[in-house]
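# Report on the structure
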Amino acid sequence: MALQNLKGRVAFIFEEDDFDVDQIVGVKNIKIQDVDELAALAMTSYDPDFSKEVRKGDVIVGGRNFGYGHPHYPPMKALRHLGIAGVLAESFSPGYWRGEISMGFPQCSCPGIRAAVKRWDEIEVDWPAGVVRNLTQGTEIPFEPLAHSDALMLEAGGLLPYLKMNPAG
Amino acid sequence: MGHTITEKILARAAGLPSVRAGDEIMAKPDFVLAYDFPGYTDVYFKQMKEEFGIDKVAEPERYGIFIDHMVPVATPKEEELHEGTRKWCAENGVELFERRGIGHQVAAEVGFATPGAFVVHFDGHISQLGTYGTLGIGMRRNVLEAFVREKVSIKVPETVRVNLTGSLRPGVMARDVFHHIVRVLGPASCRFQVMELGGDGLEGLTTEGIQSITCLAMFTGALTAIVNPDQKRLDYALPRARKKLEPVSSDPDATYAAVHEIDLSELEPIVVVPPTPANTRNLSEYAGLEVQTGYLGSCASGRLEDIEIAAKILEGRRVKTGFSLHVIPTSQEIMAEAARRGYISTLVEAGAFVSSPSCDYCFGRIATMTENQRAVSTGTLNVKGRMGSPDSEIYLCNAAAVAASAIEGRIADPRKYL
């Protein structure tokens with residue numbers, strides 16, 4: 001089984017470094033469990049029409065050290081519910097990275113990505129080729145390869161299926 | 001070419017003659033630690049049984065569970081969680097440390113900080129065991145791996161060496177050293193790496209102070225922090241150690257991703273301004289800002305030296321009327337010693353609210369702030385909503401600054417009280 005390439009539009013670019021993902025749903029909503037309720041709140045402070053504009057398979061782009069602070073799981077649950085298929089960033093904060101990889105949510109560390117895309121560009125993350133293609137602009141840049149265990153975890157669909165598929169360790 | 005202490009610890013844990021940064025290995029943690037928390041331990045215990053058919057952990061002596069959050073409980077549901085934890089520990093023969101204090105500190109007191117050991121937890125503040133030459137890594141949910149199999153997958157991290165020189169001036173504490181490191185190196189300076197502290201400056205810091213620094217390593221992006229343990233640290237850790245291991249240290253020719261120098265004598269008291277741990281400023285820039293509450297405690301601070309300096313500042317003085325000062329010693333052991341030395345009575349007489357150890361003040365479960373309130377705090381984190389309303393604010397600072405601010409009801413420079 002191979003990791004499926006991501007192909008979709010850049011639904012939003014978080015320009016700032018050290019982005020705290022809790023802002024996506026707002027800190028006051030961080031304890032909400034219901035995913036429909038979370039999805040209705042997600043991104044509203046950045047773009048009130050986000051939930052109408054986003055399509056299944058779209059991706060989010062971020063800056064350096066994306067996920068810094070004290071990341072919780074609800075914001076990305078909300079984005080996945082809206083159809084977001086993965087996050088590409090200049091670099092990631094380790095706590096956020098581990099948390100989302102364990103949820104089976106593809107993350108792609110790609111230095112230069114922020115300057116290489118505009119909002120709504122169509123892009124493809126080609127895992128075997130190790131490149132991100134901007135299909136709209138006809139350009140491509142390499143990304144940092146996934147650790148083997150991270151790739152296996154994403155392929156399996158998250159921590160639990162990964163551990164079940166690799167019981168011996 | 002030599003090896004870092006991290007490489008040596010992971011090589012042994014992986015059963016390999018040597019490993020290098022970048023190697024992807026399977027390593028057996030010497031100890032697996034966790035505190036009970038909804039969505040974490042209750043889920044692991046359930047998944048172990050239901051998803052993996054594991055009724056009992058194989059080597060219970062490798063595990064340690066702490067009850068330090070939701071202490072004391074406020075709802076029947078919280079007590080139900082603790083009951084489940086007690087039951088699981090009893091069934092598994094795993095030692096439970098309940099109401100002994102904040103687990104990361106208790107872990108050191110009861111010998112999980114075995115020099116040379118590899119320790120995993122879901123919470124990253126376990127990095128503070130690095131003070132004793134122990135490699136403590138927070139794996140978030142992935143720590144489940146350590147509950148259902150012997151080894152965990154890990155990529156051997158690179159190491160960033162931070163050499164401390166000189167000594168701190170009065171009123172400047174280890175907390176300030178960490179925040180200064182974030183200021184000069186940056187919040188992403190050690191991403192996915194280990195922050196190894198060294199240099200002559202370490203000798204002037206207390207073991208407690210080093211624990212304050214290593215505890216907070218995650219806010220540089222580091223997976224953990226570690227120190228090559230000197231005699232002082234070994235004298236504390238070896239008699240308590242739960243496992244007989246040879247302490248290890250980095251070789252002089254070990255490879256570092258970067259080496260930085262920090263002169264401790266240049267530091268001033270610092271405040272970390274909301275809403276991120278990266279907003280590090282000199283306290284003097286914020287002196288005079290009105291604050292309503294103060295928290296002295298947490299797994300980062302709240303040890304004897306923190307309580308001692310607060311008592312020294314508050315002796316013969318009063319907490320300002322209307323200001324809420326909460327002093328929560330990090331562990332029972334620390335609290336008992338603070339009481340013996342008279343610090344607790346000094347603080348109480350000055351008007352402080354002193355409570356037994358608990359994690360609950362740090363994340364706003366109790367002593368919760370309402371909107372537009374501000375705290376000075378030695379807690380771990382200042383993100384929005386961490387200690388209550390998302391519209392309240394947390395200014396992180398050292399214990400002396402919390403005590404000084406409690407007198408004035410405003411952010412205050414502790415140096416004038418020393």
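Criteria and thresholds
Residues numbered from 1 in each chain as written. Chains lettered and ligands numbered in written order. Predicted model: local features only at pLDDT ≥ 70, side-chain atom pairs only at ≥ 80, totals over all residues. Helix = DSSP H or I, 4+ residues; strand = E, 2+ residues; numbered from the N terminus. Rg over C-alpha atoms; globule rule 2.2 N^0.38 Å. Buried ≥ 20, exposed ≤ 12 C-beta atoms within 10 Å, placed from the backbone. Pairing = 2+ DSSP bridges. Axes fitted to C-alpha atoms, helices over the stretch in contact; angles between N-to-C directions. Contact = placed C-beta atoms within 7 Å. Nonpolar A, V, L, I, M, F, W, Y, C, P; charged D, E, K, R; others polar. Right-handed = clockwise from strand over helix to strand, strands pointing away. Parallel < 35°, antiparallel > 145°, perpendicular 65-115°, else oblique. Left-handed = near helix turned anticlockwise from the far one by under 90°. Core = buried A, V, L, I, M, F, W, Y, C linked by C-beta atoms within 7 Å. Domains from an automatic or database assignment.

Across its full length, chain B holds twelve helices and 18 strands. On C-alpha atoms alone, chain B measures out to a radius of gyration of 21 Å, which is about the 22 Å that the 2.2 N^0.38 rule sets for 418 residues. With the C-alpha coordinates of chain B rotated into their principal frame, the extents come out at 60 × 55 × 40 Å. Counting the 418 residues in chain B, one finds 58% classified as buried.

Next up on the list: the sheet that holds strand β5 (residues 118–121) of chain B. Residue and element names in this part refer to chain B. One open sheet holds the five strands; their spatial order is β4-β3-β2-β5-β6, and the pairing between them is parallel. Both outer strands of the open sheet, β4 (95–98) and β6 (135–138), are each paired with one neighbouring strand and no more. Averaged over all adjacent pairs, the angle separating strand axes in this sheet is 20°, with direction ignored. Against the sheet, helix α3 (residues 76–92) engages β3 (63–67) and β4, with an angle of about 155° to β3.

Facing 31 residues of chain B, the contacting portion of chain A comprises 25 residues. Where the side of chain B that touches chain A is concerned, the elements lending two or more residues are β1 (24–27), α5 (144–148) and β7 (152–155) of chain B. Top contributing element to the side of chain B that touches chain A by residue count: α5 of chain B, with three residues. Classifying every residue of the side of chain B that touches chain A gives 13 nonpolar, seven polar and eleven charged.

Residues and elements named next belong to chain A. With respect to the helices and strands, the residue Y162 is situated in helix α7 (residues 159–165). Judged by the 22 C-beta atoms lying within 10 Å of it, Y162 is buried. Taking the C-alpha atoms as reference, Y162 lies 9.6 Å from D150; in sequence the two are twelve residues apart. Discounting residues that sit within four places of it in the chain, Y162 has contacts with L152, M153 and A156.

A few words now on the pairing of β4 of chain B. All names here are of chain B. Of the pairings in the sheet, the one linking β3 to β4 comprises four bridges and is parallel in character. Within β4, the position partnered with I65 by the bridge is L96. What joins β3 to β4 is α3, and the crossover it makes is right-handed.

All names here are of chain B. Remark: helix α6 (residues 174–185) packs on helix α7 (residues 207–215), axes separated minimally by 8 Å, with the N-to-C direction vectors making an angle of 30°. One element, α6, and the other, α7, form an angle in the roughly parallel class. Where α6 crosses over α7, the handedness of that crossing is right-handed. Residues A174, R175, V177 and F178 of α6 touch α7, and the partners they reach there are G209, I210, S212 and I213.

Looking now at unusual backbone geometry. Looking along the chain, the bond that leaves V71 of chain B and enters P72 of chain B is cis, with omega of -5°. Mapped onto the elements of the fold, P72 of chain B is located in the loop between β3 and α3. Residue P275 of chain B is reached from P274 of chain B by a cis peptide bond, and omega for that bond is 10°. Tracing the sequence through the fold places P275 of chain B in the loop between β12 (270–272) and β13 (280–282). The residue D18 of chain A is not glycine, and still its phi comes out positive at about 55°. Positive phi outside glycine occurs at N372 of chain B, with the angle close to 70°. Looking at the element boundaries, N372 of chain B is found in the loop between β16 (353–354) and β17 (374–377). Since 10 C-beta atoms lie within 10 Å of it, N372 of chain B is described here as exposed.

The next point concerns the environment of Q107 of chain A. All names here are of chain A. Position of Q107 relative to the elements: it lies in strand β4 (residues 107–109). Through-space distance from the C-alpha of Q107 to that of P48 is 25 Å; in sequence the pair is 59 residues apart. Ignoring anything within four residues of it in the chain, the contact list for Q107 reads G86, V87, F92, W97, E100 and I101.

Right, let's talk about the pairing of β3 of chain B for a bit. Residue and element names in this part refer to chain B. Here β3 lies mainly inside the structure; five of its five residues are buried. Residues Y63, I65 and I67 of β3 are buried on one face, and the alternating residues G64 and F66, pointing to the opposite face, are buried as well. Of the pairings in the sheet, the one linking strand β2 (residues 31–35) to β3 comprises four bridges and is parallel in character. Considered in β3, the bridge of V32 is made with Y63. Taken together, β2, helix α2 (residues 41–50) and β3 form a β-α-β motif whose crossover is right-handed.

Time to look at the nonpolar core. Counting residues in hydrophobic clusters, the biggest one holds 183 residues, and the most contacted among them are V59 of chain A together with V119, A310, L347, Y395 and A403 of chain B. If you tally residues by element for this core, the top one is helix α12 (residues 399–408) of chain B, at eight residues. Composition of this core by domain shows at least three residues from each of domain 1 (5–241 + 253–263) and domain 2 (269–417) of chain B. Residue contacts for L347 of chain B: discarding those within four places in its chain leaves A310, A311, L314, V327, A352 and V354 of chain B.

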